[in-house]
Amino acid sequence: MAEVTGSPISNQQSFEHGMEEEEKHILGFWIFLASDLVLFACLFATYLVLRTHTDGGPTEAQLFDIPMFTLETFILLTSSFTCGLAVREMRNGHFGRLMGWLAVTVLLGLAFVGIEVNEFITYSLEGATMQRSAFLSGFFTLVGTHGLHVSLGIVWMISVGIQLIRDRIQPTTARKLFNAGLYWHFLDVVWVMIFTVVYLMGVMK
Amino acid sequence: MFNQLVGYLREADPLIQMSAVAIVFTLIGIVAALTYYRKWGWLWREWITTVDHKKIGIMYLICALLMLFRGGVDALLMRTQLAFPGMNFLDAQHYNEIFTTHGTIMILFVAMPLLFAMMNIVVPLQIGARDVAFPFLNAVSFWLFFFGALLFNLSFVLGGSPDAGWVSYPPLAELSHSPGPGINYYVLSLQISGIGSIATGINFIVTILKMRAPGMTLMRMPLFTWSVLASCIVIIFAFPAFTVALALLGLDRIAGTHFFTMQHGGNPMMYVNLFWIWGHPEVYIAILPVYGIFSEVVSTFSRKTIFGYKSMVISLMLISVIGYFVWVHHFFTMGAGPGVNSFFSVASMAVGIPTGVKVFNWLFTMFRGRIRLTLPMLWTLAFIPCFAIGGATGVMLAAAPGDYQFHNSYVVIAHFHQTLIGGAVFGLLAGMYYWWPKMFGFKLNETLGKWAFWFFNIGFYVCFMPQYALGLMGMTRRVYTYPAETGWGTLNFVSTIGAYLMGIGFLFIVVQVLYSIRYGERDTTGDPWDGRTLEWSLPSPVPHYNFAQIPTVHGRDAWWEMKQQRKEDSLFSTKELKPIHMPNNSALPFFMGLAFFVAGFGLVFNQFMIATVGLIGVVVCMLWRSLEKDTGHWISVDEIKQMEAS
Ligand code: HEM
Ligand SMILES: [Cu+2]
């Protein structure tokens, strides 16, 4: 704050002040992720308790389509990678490449959500709605909550993109992109668990 | 929906109709008064859009006291109904609604906001910070709490209150057994305020970890701040479980899923687990900060450093960890098996050990201290025997075989009121009295406060001690009436008298506040109690930027040491002031809360159009915030000098 002495009031925050500010946001975001993880843990627990409660309706093995969920996994993992590339380009100060990778990430995210929506519609048309059995309630809620998180992540990355175009790379936008990236990797980790616990264990029986 | 509401009001109990009329008149009165005195602009600028942690704290406090009144009236209605055998003052349905709203309001809309009030007002001042880590988010948390509470209270006159107990176990809370909107109100209002609680938890962890003044290491932190840190860590891990429990129950009721239903494979036990994974830690969320308050009060009013600071910190942390692993003690009788029951039984009793450590440390601090019996100290002293008895009966309940006897009897009611009132309520009152001068710049009248204290305390024992006996005589909780042959009449009558004594105690607090606003002793020094921690180094009320200069800390009880060495000035490294950067006010938190409220209200009545409008509002607010360029404002040195001089 050294440069602001005397009366003139400027909107320019010093870099030092800025760094502290960004550090707080990043720590806060990690704590938020911890609590979000507890939320998913509870949903996983519920799913595991209910997965055999099919009430005579369709079972996991009858529903899950191996090529489809493999493709979903592939897309999401790739998007996590491209998101990492975007953050890397930001560190190097390559604005154009950063925006490019961000766009790719958003598109991959959209593809993932698209496939998931398609999956949900297909199941529902086959009569496997979330009202059919406790297992399906658990399935749609767990996977749907993840999907909702991904959708929010997409909206968020678009918003960060707009801010990047407006303000370019500076501490605030950098922190926002960093947090959005963190969130995206987190969703990837959760998906790997869904992939294992829900889909792989489901088709293996 | 409209017809449903009109129909409900037309057929409702006269009590509810009268309340509806009273609410409308009160609202008209408030609007008229604000208009007459031209206070709308003031209300908007100074309070509704504020991001100042001290003002947010005061708003939490006011709401909590109002809700304490509402919950207290509920309690008196229940006790009136139970005063004599065979009473028909309330019918069974109305009684069910009242014990449900009483329990829910007391825990979520009294204990929690009281705690948030104290946190908000004190923590930044104690650690020498200008603000909390995320002032905007702090305002969002408050408005989520506010609109959650509003939604919950609306249920009374608009459509029917929840009636499945504050735990709302399925299948009773499912559509099949409770078709009205009551449980929807429960689910949505708690969900909305719960999101705010998680945000508060995050906010204060970051504040405490990142914003301490130079020199304040973790082991120099005041114990109240430590206790808030412990409590917030529990919030972060407990509330998401509640979010899930409520969301799944809500899906069952609104979307027709089968998580907890009796058909299509639902499993009600899963709800019970999720609920108590939050529910038990919730008790510690409320009680841990109270331990912090007692530590501050005891050491200030005994004029001694707290005995065993390190063991205090360790026991706080131990309680928060062990407290997380005891939830099954709430359903020992529901067939978990002896192995599981034993584990949770032992874990529950283990919490008593660190708690005992704390009580002994307080006693040792008082030992040979120069004790001053001010109001905060009185409430602290009253807490100790009360909590000792409550703790002992708690161990009785924690022994699984014992619980088979006491489960769902009045023993349980007596026990948890003893710990919740004796712990959380006494403690938060002690905190309120202690920090009141800091908040408002005047002290509360001691004489009136002593009347309140004695009415409340004597009333407390008269009310709840007979309930242990009633429980052993076989009276179960949540019964709305009982025949004379049971022989429960006398003790119930005594208990009701006690409840009214406590009611009178509460009225004394109200009178005390009103009286003191006019005649209370003004606090001109900023340090009316001869305090020990940094908040007492500031003038009362505190200027909105808190510290004109960030202090440098050299030890525990920083302010006390400086006073001892007559070096109050050494708090600041230089005399030179610098401009201060502060966040701007914002209307967005209020609108965000409002949008959540609209969404919640729509979902309560399955009006998906309204709900969608609300949800879109939420997203728009978030995007608005994210794209907004709000860098705050600077306060110039001249302004600071002016403020400090006045
Ligand atoms: C001011 C004095 C109070 C009185 C006279 C009182 C009285 C009562 C009564 C008569 C019941 C219902 C028992 C039944 O029929 O099952 C009850 C339940 C309850 N009370 Fe209080 N109460 C008071 C304060 C509080 C406070 C301060 C809290 C919490 C901080 C609290 C939390 C609860 C809870 C959680 C229940 C259980 C509700 C349920 O069964 O669903 N009470 N209280
Ligand atoms: Cu418990």
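Quick caveat: nothing in here was measured; it's all calculated off a predicted structure.

Conventions used here
- Residues numbered from 1 in each chain as written.
- Chains lettered and ligands numbered in written order.
- Predicted model: local features only at pLDDT ≥ 70, side-chain atom pairs only at ≥ 80, totals over all residues.
- Heavy atoms only, no water.
- Helix = DSSP H or I, 4+ residues; strand = E, 2+ residues; numbered from the N terminus.
- Rg over C-alpha atoms; globule rule 2.2 N^0.38 Å.
- Buried < 20%, exposed > 50% of the residue type's maximum accessible area, 1.4 Å probe, protein only.
- Contact = heavy atoms within 4.5 Å.
- Areas by Shrake-Rupley, 256 points an atom, 1.4 Å probe, with all protein chains shown as cover.
- Lys, Arg positive; Asp, Glu negative; His and termini not counted.
- Charge placed at Lys NZ, Arg CZ, Asp CG, Glu CD.
- Near = heavy atom within 4 Å.
- Polar contact = N/O pair within 3.5 Å; in protein donor to acceptor, adjacent residues only side chain to side chain.
- Nonpolar A, V, L, I, M, F, W, Y, C, P; charged D, E, K, R; others polar.
- Core = buried A, V, L, I, M, F, W, Y, C linked by side-chain atoms within 4.5 Å.
- pLDDT = per-residue confidence, 0-100.
- Buried area = accessible area lost by both parts, 1.4 Å probe.
- Salt bridge = Lys/Arg side-chain N within 4 Å of Asp/Glu carboxyl O.
- Expected span 1.5 Å × (residues − 1).
- Bend = angle between axes of the 7 residues up to and from the residue.
- UniProt positions renumbered as here; feature names shortened; annotations may be inferred.

Student: Run through the overall build of chain A, naming residues and quoting values.
Tutor: Each helix and strand in chain A was counted, giving 6 helices and 0 strands. Of the regular secondary structure in chain A, the N- to C-terminal order runs α-α-α-α-α-α. For chain A, the C-alpha radius of gyration of 21 Å lies well beyond 17 Å, the compact-globule estimate for 205 residues. Counting across all 205 residues of chain A, residues that qualify as buried make up 52%. Put simply, of all contacts in chain A between residues at least 6 apart along the chain, 81% involve residues at least 24 apart. When the accessible surface of chain A is totalled, it reaches about 9,200 Å², and 70% of it is carbon and sulfur. With 11 positive and 17 negative side-chain charges, chain A shows a separation of 3 Å between the mean positions of the two kinds.

Student: Could you give an account of the site of ligand 1, with specific residues and numbers?
Tutor: Residues and elements named next belong to chain B. Taken together, 23 residues sit near ligand 1, with Y95, H102, W166, H417 and R478 positioned nearest. At a separation of 2.9 Å, a nitrogen atom of ligand 1 approaches a polar side-chain atom of H102. The contact in question runs from an oxygen atom of ligand 1 to an N or O atom on the backbone of W166, over 2.9 Å. At the level of secondary structure, the elements contributing two or more residues to the shell around ligand 1 comprise α4 (53–82), α5 (92–126), α15 (410–440) and α17 (489–519). The element that contributes the greatest number of residues to the shell around ligand 1 is α15, accounting for 7 residues. In terms of residue class, the shell around ligand 1 is built from 16 nonpolar, 4 polar and 3 charged.

Student: A description of the nonpolar core should follow, citing residues and the corresponding values.
Tutor: One finds F64 and F139 of chain A to be the most contacted residues of the largest nonpolar core, which totals 241 residues. With 20 residues, the top contributor of residues to this core is helix α9 (residues 268–302) of chain B. Core analysis: the second largest hydrophobic core is formed by 13 residues, L82, Y95, I98 and M475 of chain B among them.

Student: Explain the confidence of the model for chain B to me, and be specific about the residues and the numbers.
Tutor: Residue-level pLDDT values for chain B average 92, and 99% of them are 70 or greater. In the predicted complex, the global pTM is 0.93; the interface-specific ipTM is 0.93.

Student: Explain the interface of chain A and chain B to me, using residue names and the numbers behind them.
Tutor: On the side of chain B, 39 residues touch chain A, which itself brings 43 residues to the contact. Summed over both sides, the interface of chain A with chain B buries roughly 3,600 Å², with 70% coming from carbon and sulfur. Linking chain A with chain B are 2 salt bridges, by the criterion used here. Where chain A packs against chain B, one counts 12 residue pairs in polar contact (both at pLDDT 80 or more). Of all the secondary-structure elements, those providing two or more residues to the side of chain A that touches chain B are α1 (15–50) and α5 (134–167) of chain A. Of the residues forming the side of chain A that touches chain B, the biggest block, 17 residues, is contributed by α1 of chain A. Residue classes in the side of chain A that touches chain B are distributed as 17 nonpolar, 19 polar and 7 charged.

Student: How would you explain α5 of chain B if you had to name every residue and give the values?
Tutor: All names here are of chain B. Counted at 1.5 Å a residue, the expected span for α5 with its 35 residues is 51 Å, and the 49 Å between its end C-alpha atoms agrees. The largest bend along α5 reaches roughly 35° and is located at I105. Of all 35 residues in α5, 31 are buried, a share of seventy percent or more. Directly beyond the C-terminal end of α5, a positive phi value near 70° is found at G128.

Student: Would you mind going over the UniProt feature "domain: Cytochrome oxidase subunit I profile" (unreviewed entry) in chain B in detail, with residue names and values included?
Tutor: According to UniProt, the positions carrying the feature "domain: Cytochrome oxidase subunit I profile" (unreviewed entry) are residues 36–554 of chain B. For the annotated span residues 36–554 of chain B, helix accounts for 68% and strand for 0% of the residues, and the straight-line distance between the end C-alpha atoms is 52 Å.

Student: Quick rundown of the confidence of the model for chain A? Include the residues and the values.
Tutor: Residues at a pLDDT of 70 or more form 91% of chain A, whose mean pLDDT is 89. Scored below 50 in pLDDT, residues 1–16 of chain A shows 20 contacts in the model against residues more than four places distant or in partner chains.

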